[in-house]
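These are the residues of each chain, in order.
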Amino acid sequence: MAYEKGADGLELDVHVTKDLQPIIYHDLYLNVALQTKNDTKCSRKIPVYDLTYEELQDVQIIHTELIELNSELQHRNGVPLKLFPTLEEVLNALPENFPFELEVKYLETEKDQEDGKFLDVNVYVDTLLKSLIENIGNRKIILMSFSPVIVQLLNRKQKKLPVKIGVCGETRKYPVYKDIRIRTLGRVVGFAESEKILGLSCFCDHIIQNPGVLYEIKKRNLVLSTWGEDDNKKEIRKKQREMGVDVLCFDRLVILTSYFFIEQHFFSPQHT
């Protein structure tokens with residue numbers, strides 16, 4: 001839909017399933033509705049990585065309150081929607097001249113919690129990169145993750161695609177992570193500079209409220225993109241453009257403008 005509406009680029013989220021299949025899906029968890037023997041309803045969160053590709057294909061999206069929306073959730077223009085397409089299917093479906101940013105999902109442990117079971121990080125990254133290398137063609141793709149370990153491996157295991165790190169920073173809207181490298185924006189800036197990656201993807205509130213941070217980012221020759229609900233507001237996007245933010249990522253297709261990729265900046269020789 002983004003391509004059909006004239007977007008300059010797209011942000012996608014990729015997971016690796018339990019049986020090592022890279023798939024496109026936004027959330028880390030599925031909120032699964034359950035019905036008990038006495039007909040009461042409850043729900044349970046299941047990590048995407050705990051399911052195989054075939055198990056995900058059996059999942060249906062059902063609105064438990066607005067029943068009339070269920071048909072629309074399952075089909076578009078009479079065609080069944082595939083809720084969990086593979087990375088290969090998406091790469092082959094989009095034109096090669098349509099660039100995008102690929103966020104690599106990986107479960108970060110929250111502060112004061114024990115580390116949970118997860119796929120081996122090297123297997124996870126190797127599986128993803130193998131699929132990318134086999135299907136990328138001449139595409140221009142930026143890799144991004146909120147996990148410092150994933151960012152380091154993506155940056156060291158290949159040199160063709162630029163890499164960014166995501167950061168929520170100090171906010172009550174999102175959890176505080178155990179890894180101190182991503183707890184504050186200042187630490188993330190230092191991490192990005194030391195790892196010699198392209199830049200960072202930041203929660204837009206931090207840039208609006210602390211414009212001095214942008215100076216520190218630019219001083220280190222790092223690319224900055226922002227995300228968040230406020231990026232859907234025209235006045236917020238205008239202010240950030242005036243401040244010098246490189247990329248604004250938002251999801252209101254009705255207000256799309258030319259915002260996503262600055263090709264000569266993002267894919268200049270020092271970043272490829």
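Because the structure is predicted, anything quoted here is derived from the model rather than measured.

Across the chain, pLDDT averages 80, with 75% of residues at or above 70. Counted against residues more than four places away or in other chains, residues 254-272, with its pLDDT under 50, gives 54 contacts.

According to the stated counting rule, one finds four aromatic pairs in the structure shown. An aromatic cluster is built from Phe-146, Phe-203 and Trp-227, whose rings are joined through pairwise contacts. The lysine or arginine in question, Lys-45, covers the ring of Tyr-29, its NZ or CZ lying 5.7 Å from the ring centre.

In the structure shown here, the tally under the stated rule is one cavity of 30 Å³ or more. Here the largest cavity is characterised by a volume of approximately 30 Å³. Lining of the largest cavity is provided by His-15, Val-16, Leu-28, Val-48, Tyr-49, Lys-105, Tyr-106, Phe-118 and Tyr-124. Grouping the amino acids of the lining of the largest cavity by side-chain chemistry returns seven nonpolar, one polar and one charged.

A separate point is the nonpolar core. Judged by nonpolar contacts, the single largest core of 48 residues is most densely connected at Leu-102, Leu-132, Ile-141, Leu-143, Leu-154, Ile-165 and Leu-200. It is helix 4 (residues 121-135) that contributes the most residues to this core, six residues altogether. Discounting residues that sit within four places of it in the chain, Leu-154 has contacts with Val-104, Val-125, Leu-128, Leu-129, Leu-143 and Val-163. Among the nonpolar cores identified, the runner-up in size contains eight residues, and Ile-46, Val-48, Leu-56 and Phe-84 belong to it.

Buried residues of helix 9 (residues 234-243): Ile-236, Arg-237 and Gln-240, and no others. The buried side chains of helix 9 occupy one side of the element, clustering within an arc of 100 degrees when seen end-on. Residues of helix 9 that are exposed and angled more than 90 degrees away from the buried face: Lys-234, Glu-235 and Glu-242. Next to the buried residues of helix 9 lie helix 7 (204-209), strand 11 (223-227) and strand 12 (247-248). In the stretch just after helix 9, Gly-244 is the one whose phi turns positive, near 110 degrees.

This part covers the pairing of strand 7 (residues 100-104). With five of five residues buried, strand 7 lies mostly within the body of the structure. With five bridges connecting them, strand 1 (residues 10-16) and strand 7 associate as parallel partners. Its bridge partner lying in strand 7, Glu-11 is registered against Glu-101. As paired elements, strand 7 and strand 8 (residues 141-145) share four bridges and run parallel to each other. Note on strand 8: the bridge partner recorded for Glu-103 is Met-144.

Another point: helix 5 (residues 148-157). For helix 5, the buried fraction is high: seven of the ten residues fall into the buried class. Residues of helix 5 that are buried: Pro-148, Ile-150, Val-151, Gln-152, Leu-153, Leu-154 and Asn-155. Lining the buried residues of helix 5 we find strand 7, helix 4, strand 8, strand 9 (163-167) and helix 6 (185-195).

If you trace the eight strands from one edge of the open sheet to the other, you get 2-1-7-8-9-10-11-12, paired in mixed fashion. The open sheet terminates on both sides in strands that have one partner only, identified here as strand 2 (22-24) and strand 12. Of the pairings in the sheet, the one linking strand 11 to strand 12 comprises two bridges and is parallel in character. Residue pairing for strand 12: Thr-226 is matched across the bridge by Leu-248. Packed on one face of the sheet, helix 5 meets strand 7, strand 8 and strand 9 and runs near 175 degrees to strand 9.

This part covers the packing of helix 4 against helix 5. Following both chains from N to C, one finds helix 4 and helix 5 inclined at 50 degrees, their axes separated by 10 Å at the closest point. One element, helix 4, and the other, helix 5, form an angle in the oblique class. Between helix 4 and helix 5 the crossing geometry is right-handed. Across the interface between the two elements, Val-121, Asn-122, Tyr-124, Val-125, Asp-126, Leu-128 and Leu-129 of helix 4 pack against Val-149, Ile-150, Leu-153, Leu-154 and Lys-157 of helix 5.

As for its position among the elements, Ser-145 is in strand 8. Under the relative-accessibility criterion, Ser-145 is labelled buried at 1%. Reaching out from Ser-145, the side chain makes a polar contact with the backbone nitrogen of Ser-147 at a distance of 3.1 Å. Excluding anything up to four places from it in sequence, Ser-145 contacts Val-104, Ile-150, Val-151, Lys-164, Ile-165 and Gly-166.

What follows concerns the pairing of strand 1. Within strand 1, five of the seven residues are buried, which leaves it mostly tucked inside the rest of the structure. As judged from the three bridges shared by strand 1 and strand 2, these two strands associate in the antiparallel manner. In the sheet register, His-15 faces strand 2, and the bridge partner there is Ile-23. If you look at the hairpin formed by strand 1 and strand 2, you'll find five residues sitting between the two strands, and Leu-20 has a positive phi there, around 65 degrees.

Cut-off values and rules
- Residues numbered from 1 in each chain as written.
- Predicted model: local features only at pLDDT ≥ 70, side-chain atom pairs only at ≥ 80, totals over all residues.
- Heavy atoms only, no water.
- pLDDT = per-residue confidence, 0-100.
- Contact = heavy atoms within 4.5 Å.
- Phe/Tyr/Trp six-rings, centres within 6.5 Å; stacked < 30°, edge-to-face > 60°.
- Lys NZ or Arg CZ within 6 Å of the ring centre and 35° of its normal.
- 1 Å grid on protein atoms, 1.4 Å probe; cavity = no way out; pocket = protein on both sides within 12 Å on 5 of 7 lines; lining within 4 Å.
- Points joined across faces, edges and corners; volume = space filled by probe spheres on them.
- Nonpolar A, V, L, I, M, F, W, Y, C, P; charged D, E, K, R; others polar.
- Core = buried A, V, L, I, M, F, W, Y, C linked by side-chain atoms within 4.5 Å.
- Buried < 20%, exposed > 50% of the residue type's maximum accessible area, 1.4 Å probe, protein only.
- Helix = DSSP H or I, 4+ residues; strand = E, 2+ residues; numbered from the N terminus.
- Arc of directions from axis to C-beta.
- Pairing = 2+ DSSP bridges.
- Axes fitted to C-alpha atoms, helices over the stretch in contact; angles between N-to-C directions.
- Parallel < 35°, antiparallel > 145°, perpendicular 65-115°, else oblique.
- Left-handed = near helix turned anticlockwise from the far one by under 90°.
- Polar contact = N/O pair within 3.5 Å; in protein donor to acceptor, adjacent residues only side chain to side chain.

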